[in-house]
Amino acid sequence: MEVRKVVRLRVVGDNENLKELENTLNAWNIAKWKYKRSESFDLPSTLKASMKLFDKYNVSHLTFCETGYSIDFEKNEIKLTSLEKYKRISLKVDEENMEYLRKEIENGAKPTMITVIPPSYKRGKHKRREIVKNNCWRLHITLRKNVELLTIEEFRKLQRIAIIGVDLNSKHGIAYSLYIWDKNNPLKPLKQIEAKILPKLKSHQFQEIEKWKLQMNHGNSVKYNELYQRINAKIRRQNKDWIEKVSKMLIDIALKSIKEYNCEIAIISFEELKDYEARNNNKKINKKNTEWLRKIIKRTFEKSLWNYSNRILTYLPTFNKNQRNLKQILINADYTSIKCSRCENIGIKRGKEFFCSKCRFTDNIHINASRNIAKRTIEYLRTITSP
């Protein structure tokens, strides 16, 4: 199966070639306007080839395909096609970004397309509305890589599997439970190893209070306030950083469990948060809260599929190697936090604690939910992969 990924590079330094790149961008925009109206336009052949992608992929930015660019890792430069014949625009790129790109290409990824993102601004009538969104030139390189998927027949042959059930919560932290599914031991196929809570999201209480004060003072025009936009940008940066850290932690836990407990593969399963309704007040969970949690699921899926498609399973086993439209392993979230992970009886919530009146079992609510998710994952996979 072919997977795509976009690597973002930052152009550094006051490069003289940026003026030439800006002229190329202006010519591209004029040609794009003429192309929409089926008029003739004058562009180099490489840019004309990328212009044809406009119908298929709705290419809005200046794009270079295949022969329209070259990458020089020694000088940390990327050379793009110029409007003049037999000439290219050389752009210096940040060293860390180029090193990351070099590692991806060495691991089997193939660059197929480069998109140029110019500095963009939000312009308004006064200075408060003139907020810089992107203050430097950026290059987005599309990489393609062939990954091997795990089929149902191969999954049936596996004998020792690590199951990691994850309960997502932004307020109290993310809980996970690790189980070992040993098919060679029919009497006790499940063995619980550990259950922990990962660090929680940094509180935005101070930022939210400042935002509320600005909304009270400015009313509907608060979205144009510079301080309000900076606070929102800070919250978004913190959330993005949290997503990257948590997804990396979960993948590291899966790789560690494979090595320590001699497992053939590790499975990371989450609960389905789409259209989930809270039991206490019959109201849908806050969309802003679940939005970032769903992004953790998506980011973990993308990372594991790109780097560890045969070692870490976040998708359902496929019927063939080249199957598309993969389905993620998402478990029904109903009663996961109030159902006892020992006797499956409906228990009682006492703040952050769970208590079962039948077997007298007490535990953290989120750890208990992660255990239920791990057990439901095994039952779900048994029904799907059964012959």
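Criteria and cut-off values
Residues numbered from 1 in each chain as written. Predicted model: local features only at pLDDT ≥ 70, side-chain atom pairs only at ≥ 80, totals over all residues. Heavy atoms only, no water. Helix = DSSP H or I, 4+ residues; strand = E, 2+ residues; numbered from the N terminus. Buried < 20%, exposed > 50% of the residue type's maximum accessible area, 1.4 Å probe, protein only. Contact = heavy atoms within 4.5 Å. Areas by Shrake-Rupley, 256 points an atom, 1.4 Å probe, with all protein chains shown as cover. Expected span 1.5 Å × (residues − 1). Pairing = 2+ DSSP bridges. Axes fitted to C-alpha atoms, helices over the stretch in contact; angles between N-to-C directions. pLDDT = per-residue confidence, 0-100. Core = buried A, V, L, I, M, F, W, Y, C linked by side-chain atoms within 4.5 Å. Patch = residues over 30% accessible without salt bridge, like charges linked within 9 Å, V, L, I, M, F, W, Y side chains within 5 Å. Salt bridge = Lys/Arg side-chain N within 4 Å of Asp/Glu carboxyl O. Lys, Arg positive; Asp, Glu negative; His and termini not counted. Charge placed at Lys NZ, Arg CZ, Asp CG, Glu CD.

What about the overall build of the chain?
Here is step 1 of the chain: Secondary structure summary: the chain contains nine helices and 18 strands in total.
Here is step 2 of the chain: For the chain, the residues scored as buried account for 45% of the 387 residues in total.
Here is step 3 of the chain: Of the contacts made within the chain by residues no fewer than 6 positions apart, 63% connect residues no fewer than 24 positions apart.
Here is step 4 of the chain: Accessible area of the chain: about 23,200 Å², with a carbon and sulfur share of 46%.

Quick look at helix α7 (residues 226-260)
Here is step 1 of the chain: With 35 residues, α7 extends 51 Å from end C-alpha to end C-alpha; this agrees with the ideal 51 Å at 1.5 Å per step.
Here is step 2 of the chain: Backbone geometry just downstream of α7 places Asn 262 in the positive-phi region, at approximately 55 degrees.

Quick word on the sheet that holds strand β2 (residues 62-65)
Here is step 1 of the chain: Reading across from one edge, β1-β9-β6-β2 is the order of the four strands in this open sheet, with antiparallel pairing throughout. A strand with exactly one partner marks an edge of an open sheet, and here the two such strands are β1 (2-10) and β2. Across this sheet, the average inter-strand angle for adjacent strands is 20 degrees, counted without regard to direction.
Here is step 2 of the chain: Where β1 lies against strand β9 (residues 138-146), nine bridges are found, and the strand directions are antiparallel. Each bridged residue has a counterpart across the sheet, and for Glu 2 the counterpart in β9 is Asn 146.
Here is step 3 of the chain: Running over the sheet, helix α1 (residues 17-36) touches β2 and β6 (110-117) and is turned about 100 degrees from β2.

A look at the environment of Ile 197
Here is step 1 of the chain: Structurally, Ile 197 can be placed in strand β12 (residues 190-198).
Here is step 2 of the chain: Sequence separation between Ile 197 and Val 166 is 31 residues, and the spatial gap between their C-alpha atoms is 9.6 Å.
Here is step 3 of the chain: Setting aside residues up to four positions removed in sequence, Ile 197 forms contacts with His 172, Gly 173, Ile 174, Ala 175, Asn 364 and Ile 367.

Details of the confidence of the model for the chain
Here is step 1 of the chain: When pLDDT is averaged along the chain, the result is 80, and 87% of the positions lie at 70 or above.
Here is step 2 of the chain: Note on residues 122-130: pLDDT under 50 across the span, and twelve contacts to partners over four residues away in sequence or across chains.
Here is step 3 of the chain: Counting contacts from residues 279-285, a segment whose pLDDT is below 50, to residues more than four positions away or on other chains yields nine contacts.

Some details on the nonpolar core
Here is step 1 of the chain: Ranked by size, the top nonpolar core spans 55 residues in total, and within it Leu 9, Leu 21, Ile 78, Leu 80, Leu 139 and Phe 155 carry the most contacts.
Here is step 2 of the chain: With five residues, the single largest contributor to this core is α1.
Here is step 3 of the chain: Apart from residues lying up to four places away in sequence, Leu 80 is in contact with Leu 21, Phe 64, Gly 68, Tyr 69, Arg 88, Ile 89, Leu 91, Ile 114, Val 116 and Leu 139.
Here is step 4 of the chain: Counting residues in hydrophobic clusters, the runner-up holds 28 residues, among them Val 166, Tyr 176, Val 246 and Leu 273.

Let's talk about the sheet that holds strand β17 (residues 353-355)
Here is step 1 of the chain: Here three strands make up an open sheet; going across it, the order is β16-β17-β18 and the pairing antiparallel. In this open sheet, the two strands that pair with only one neighbour each are β16 (348-350) and β18 (362-364). Going across the sheet, the axis of each strand differs from the next one's by a mean of 30 degrees, ignoring polarity.
Here is step 2 of the chain: Two elements, β16 and β17, share three bridges in a ladder whose sense is antiparallel. Across the sheet, residue Ile 348 finds its bridge partner in β17, namely Phe 355.
Here is step 3 of the chain: Along the sheet, helix α9 (residues 365-385) makes contact with β16, β17 and β18, crossing β18 at roughly 95 degrees.

Thoughts on a positive patch on the surface
Here is step 1 of the chain: Side chains of Arg 8, Lys 234, Arg 236, Arg 237 and Lys 240 sit close together on the surface and give a patch of like positive charge.
Here is step 2 of the chain: Counting residues per element, the positive patch draws most heavily on α7, at four residues.
Here is step 3 of the chain: Take Lys 240: it is sitting in helix α7.
Here is step 4 of the chain: According to the relative accessible area criterion, Lys 240 is exposed, its value standing at 52%.

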